[in-house]
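These are the residues of each chain, in order.
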Amino acid sequence: MSIIFARNEERRDTGNIKWDLQGPLPFGIADMDIESPPCVIEALKARMDHHFYGYAFMTDHMAQAIVDYLKARHGVEARKEWLHELPGCVPAFTLVARAICGENHGAIMTCSPAYPPMLHCHEAAGASLVDVPHKWVDGYAQFDWEAMEAAVTPETKLFLLCNPHNPSGRCWSPEDLQRVGDFCVRHDLILCSDEIHCDLVLEQGLRHTSALTLSDEVKQRLVMLSAPSKTFNIAGICFSYMCVPNAELKARIEQVQGGSLPTLNVFAYAAAEAAYRQGWEWHAELLETLRANRDFVVNYITNQIPKLQIRPNEATYLAWIECRNLGVESPHKFFREKAGVFLDDGANFGAPSCVRLNYATSPEQLRQGLVAMKKAVDELG
């Protein structure tokens, strides 16, 4: 078994957001308590031993590693010239928003609950936000197509998609994705598709469908964002990329970026290439580990804390939990203060009655957190 869970003491006092800022039982932020794969660790050691740490760039073989990965894992025929590296997907949202809306102060559409930076990137672009909440059908997030059609205006310039969806854990179907693409074409919108969780589809029989597999008409208005960071637990190394088939659109985004972001470091490139070329045996074990944790969380909450409603979790390692039956103003605050359990606050995602639980941790840690949550809920009466 290659999956190694961290012991709590290994992560504390290391400047880690999750373990140093989120209290005794932290289950927030998308950071796994699992060691990165051995191939990444060895690649970083080898690069460290080189002893020269100057400025770096994305080499041809690094770009080819991404192209090969997209083809092998997702059936995408990408080209190296479509790629542009970035230190993270969060600044990419702002770059795209500024490139598309910066001159005309247009509107950006997304659907809540949504990854918080998607709800705020319009602010830096001087744009407005059009939030069309998802519908919930049998516990699953669904696009509200009628509401989207009613909300879109000529000022709307950009649609932000999260695929697979964070926080609901939905793996959008090819049909859903096609309808999003058609919607963007019909209303002349740029589609920005955040696919950072694309290699974390847990539900058997489902697979990720990249927006890069859509028609050429859609691809000419597409910015796909991704990274190895969530899958291989290397977010702190800061390697992300955008894939933009339209050369003019890519140039617009790069021009807006200018010198506003730092260049990537030598370790980011080494880690990313090792992960994409050599990390897949470890990845298969990771998915089995996450499935077991997911099933434990679902079964425990369903049977032991019935006041909570856990949404079906097809992808990611993030459980989305509806807490309105608790009758508390802030479920996040309640669990933090009464159970010592830190869960991401649904209010930040546009859903104040919900919390998000990161279950990519050891079974022992997971059980301890859930037992503490149950005790707090039981004491409510």
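What this report covers is the structure whose coordinates are included nearby. Worth saying up front: this structure is predicted, and the values here are computed from it rather than measured. (Residues numbered from 1 in each chain as written. Predicted model: local features only at pLDDT ≥ 70, side-chain atom pairs only at ≥ 80, totals over all residues. Heavy atoms only, no water.)

## What to know about the environment of Gly-236
Secondary-structure assignment places Gly-236 in the loop between α10 (229–232) and β10 (240–243). Along the backbone, Gly-236 and Gly-88 are 148 residues apart, and their C-alpha atoms lie at a distance of 9.7 Å. (Helix = DSSP H or I, 4+ residues; strand = E, 2+ residues; numbered from the N terminus.)

## Comments concerning helix α3 (residues 38–48)
Within α3 the residues assigned to the buried category are Cys-39, Val-40 and Ala-43. The buried residues of α3 occupy an angular sector of 100 degrees when the element is viewed end-on, so they sit on one face. Next to the buried residues of α3 lie α12 (266–278). (Buried < 20%, exposed > 50% of the residue type's maximum accessible area, 1.4 Å probe, protein only. Arc of directions from axis to C-beta. Contact = heavy atoms within 4.5 Å.)

## Looking at the sheet that holds strand β15 (residues 354–358)
Sheet architecture is open: four strands sit in the order β11-β12-β15-β14, paired in antiparallel fashion. The sheet terminates laterally at β11 (309–310) and β14 (344–345), the two strands that pair on one side only. For strand β12 (residues 318–322) and β15, the ladder comprises five bridges, and the chain directions are antiparallel. Bridged to Glu-322 within β15 is Cys-354. (Pairing = 2+ DSSP bridges.)

## As for the nonpolar core
Nonpolar side chains tend toward joint burial in soluble globular proteins. Formed by 92 residues in total, the largest nonpolar core has its most connected members in Phe-159, Phe-239 and Leu-357. With eight residues, helix α13 (residues 280–304) is the single largest residue contributor to this core. The contacts of Phe-239, once residues within four sequence positions are left out, are Met-58, Met-62, Ile-66, Glu-85, Leu-86, Pro-87, Ala-227, Pro-228, Leu-264, Ala-268, Tyr-269 and Ala-272. Ranked by size, the runner-up nonpolar core spans 28 residues in total, among them Val-96, Cys-121, Ala-127 and Leu-225. (Core = buried A, V, L, I, M, F, W, Y, C linked by side-chain atoms within 4.5 Å.)

## With respect to the packing of aromatic side chains
Inspection of the entire model under this criterion finds 15 aromatic pairs. Ring plane angle 75 degrees and centroid distance 6.5 Å describe the contact between Tyr-241 and Tyr-276, whose orientation is recorded as edge-to-face. Here Tyr-241 is found in strand β10, whereas its partner Tyr-276 is found in helix α12, with 35 residues between them in sequence. Exposure remark for Tyr-276: the relative accessible area of 4% places this residue in the buried category. An aromatic cluster is defined as three or more aromatic residues linked by ring pairs; in this entry it consists of Tyr-69, Phe-232, Phe-239, Tyr-241, Tyr-269, Tyr-276, Trp-280 and Trp-282. Over the ring of Trp-280 we find Arg-73; its NZ or CZ atom is 4.0 Å from the centre of that ring. The ring of Trp-136 has Arg-311 lying over it, and the distance from NZ or CZ to the ring centre is 4.1 Å. (Phe/Tyr/Trp six-rings, centres within 6.5 Å; stacked < 30°, edge-to-face > 60°. Lys NZ or Arg CZ within 6 Å of the ring centre and 35° of its normal.)

## Here we look at the layout of surface pockets
Empty space within the largest pocket amounts to approximately 1200 Å³. Along the walls of the largest pocket sit 48 residues, with Ala-30, Asp-31, Ile-234, Ala-235 and Gly-236 positioned nearest its centre. Elements with a contribution of two residues or more to the lining of the largest pocket: α1 (8–11), α2 (17–21), α3, α5 (89–101), α10 and β14. Class assignment for the residues of the lining of the largest pocket results in 23 nonpolar, 14 polar and 11 charged. (1 Å grid on protein atoms, 1.4 Å probe; cavity = no way out; pocket = protein on both sides within 12 Å on 5 of 7 lines; lining within 4 Å. Points joined across faces, edges and corners; volume = space filled by probe spheres on them. Nonpolar A, V, L, I, M, F, W, Y, C, P; charged D, E, K, R; others polar.)

## Observations concerning the environment of Pro-26
Mapped onto the secondary structure, Pro-26 falls in strand β1 (residues 25–26). The class of Pro-26 is buried, set by a relative accessible area of 1%. Along the backbone, Pro-26 and Trp-280 are 254 residues apart, and their C-alpha atoms lie at a distance of 28 Å. Sequence-distant contacts of Pro-26, that is, excluding residues within four places in its chain, are made with Arg-12, Lys-18, Trp-19, Phe-342 and Gln-365.

## Focus: the packing of helix α14 (residues 331–339) against helix α15 (residues 363–380)
Working note: a packed helix pair is described by the angle between its axes plus the distance between those axes. Where α14 contacts α15, the two axes come as close as 9 Å, and the packing angle between them is 100 degrees. Of the possible angle classes, the one that applies to α14 and α15 is roughly perpendicular. Where α14 approaches α15, its residues Phe-334, Phe-335, Lys-338 and Ala-339 are matched on the opposing element by Ala-372, Met-373, Ala-376, Val-377 and Leu-380. Grouping the constituent residues of the contact of α14 with α15 by class yields eight nonpolar, no polar and one charged. (Axes fitted to C-alpha atoms, helices over the stretch in contact; angles between N-to-C directions. Parallel < 35°, antiparallel > 145°, perpendicular 65-115°, else oblique.)

## Details of the state of the cysteines
Here a disulfide denotes one covalent bond, and it connects the sulfur atoms of two cysteines. Taken as a whole and assessed by the stated rule, the structure comprises zero disulfides. As a non-bridged cysteine, Cys-39 has Cys-198 as the owner of its nearest cysteine sulfur, 16 Å distant. A relative accessible area of 13% places Cys-39 in the buried class. The thiol of Cys-198 is not disulfide-bonded; the next cysteine sulfur, from Cys-89, is found 10.0 Å away. (Disulfide = S-S within 2.5 Å.)

## Let's talk about the side chain of Ser-353
One can find Ser-353 in the loop between β14 and β15. Within the structure, Ser-353 has its side chain in polar contact with the side chain of Glu-322 (distance 2.7 Å). In this structure Ser-353 touches Ile-321, Glu-322, Cys-323, Arg-324 and Pro-331, once residues within four positions along its chain are discounted. (Polar contact = N/O pair within 3.5 Å; in protein donor to acceptor, adjacent residues only side chain to side chain.)

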